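# Chains, contacts and geometry: an overview
The lines below spell out each chain.
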Amino acid sequence: METPPAAPPKPVVRVGDAVFSTATLAAGILILAILAGVALFLIAQSGGVIEAQLNDPEALSSGGFLQYVWPLVIGTLISAAIALVVATPFALGIALFTTHMAPRRWAPVLGYVIDLLAAIPSVVYGLWGIALSGGLVPVYQWLADYAGWIPLFAPDAQGYVSQSGRTILTASFVLAIMILPIITSLVREVFLQTPRLQEEAALALGATRWEMIRMAVLPFGASGIASAIMLGLGRALGETMAVAMILAPGALTASLVVSGNQTIASEIAQNFPEAAGLRLSELISIGLVLFVITLLVNMAARAIVAKTSVKG
């Protein structure tokens, strides 16, 4: 008579593994709960705006919510886009220099200096932007004189630009400096992960330093570069204090060298302290719009990263 096979041993449950698994699960659930809580709060506090939009739109700013929020959305996207266009090439160049060009003993020092820019408070950037804005007035006037036929650099009806220099273009330059260390640090870490064998193989086949970077480093870090750029975009979209300190109030305009083009974050910062009632609900509702824009940017970032990863 055959002996029945022995039962497989029961897996040993380690206390440390169980605690770690439970803690990570709780952390993930907590993040989702906080995100849902913020969304529910913004939606609930925006109820007054929704009711007024349906029953009495004239009670809202600019005679309706859409007329009020649309210029702010445009200004937010313009400032973030300009900051991203300005900061991205410098960030990629700095990351490539510190990882593949700079002497080995100086590369970490340069990296630390760039990272220190992220530690500067936004209010300091705002003060620096105010001091910088006055010196940009002659530059903006020159652009208006010689490139005023382009709507982006067109002067006002009197032929002048902002005499304070506190325009959306100045705010965008400051935003570019603020997001530069974020993009640079992430891209630098991605470039450092490039397999050394691929770099040496490209050089051994006769490639120049730039050809090696173009064929081995940049394709390997494509998904990381996309992630860093989108993270910088998210920071630029939500920056408040520096932009609020630099921008002068004004209506939406196609020109970047005259006053105007408020952002959602600066609008909230400038008007929230004295807001009450329906006005407070209106400011919270544009905060909800900014929340949705940020979520869409993050979703787009995930899609772009996934697509570039598959191609790589």
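In case you missed it, the structure is sitting above this.
What you are looking at is a predicted structure, and each value in this text was computed from that prediction instead of being measured. Along each chain, residues carry numbers from 1 onward, in the same order as the chain's sequence is written. With the structure being a predicted model, the display of local features is reserved for residues of pLDDT at least 70 and the display and counting of side-chain atom pairs for 80 or more, all residues being used for whole-chain, interface and lining totals. The side-chain quantities take in all heavy atoms of the structure and omit both hydrogens and water.

### Considering the packing of aromatic side chains
Aromatic contacts are taken between Phe, Tyr and Trp rings whose centres are within 6.5 Å, Trp giving its six-membered ring; a plane angle under 30 degrees counts as stacked, one over 60 as edge-to-face, and the others as tilted. Across all of its chains, the model carries one aromatic pair by this definition. For the ring pair Trp142 and Tyr146, a centre distance of 5.3 Å and an interplane angle of 40° mean the geometry is tilted. Of this pair, Trp142 and Tyr146 both sit in helix H5 (residues 122-147), separated by four residues, roughly a single helical turn. Each residue's exposure class comes from its accessible area (1.4 Å probe, protein chains only) as a fraction of the maximum for that residue type: buried when under 20%, exposed when over 50%, partly exposed otherwise. For Tyr146, a relative accessible area of 58% gives the class exposed. Only DSSP runs of H or I with at least four residues qualify as helices, and only runs of E with at least two residues qualify as strands; both kinds are numbered from the N terminus onward.

### As for the layout of surface pockets
Grid points spaced at 1 Å over the protein atoms alone were grouped into cavities, where a 1.4 Å probe fits but cannot get out, and pockets, open sets with protein on both sides within 12 Å along at least five of seven lines, with lining residues defined by an atom within 4 Å of a point. Grid points are joined across faces, edges and corners, and a volume is the space filled by probe spheres set on the points. Quantified by volume, the largest pocket comes out at close to 220 Å³. Looking at the largest pocket, the residues that line it are Thr99, His100, Arg104, Phe191, Leu192, Thr194, Arg196, Glu199, Glu200, Leu203, Arg209 and Met212. When contributions to the lining of the largest pocket are tallied by element, the ones reaching two or more residues are helix H3 (65-101), helix H6 (168-192), helix H7 (196-204) and helix H8 (209-220). Here the lining of the largest pocket takes four residues from H7, the largest share from any one element. Classification used: nonpolar for Ala, Val, Leu, Ile, Met, Phe, Trp, Tyr, Cys and Pro, charged for Asp, Glu, Lys and Arg, polar for all others including Gly. When the residues that make up the lining of the largest pocket are grouped by side-chain class, the tally is four nonpolar, three polar and five charged.

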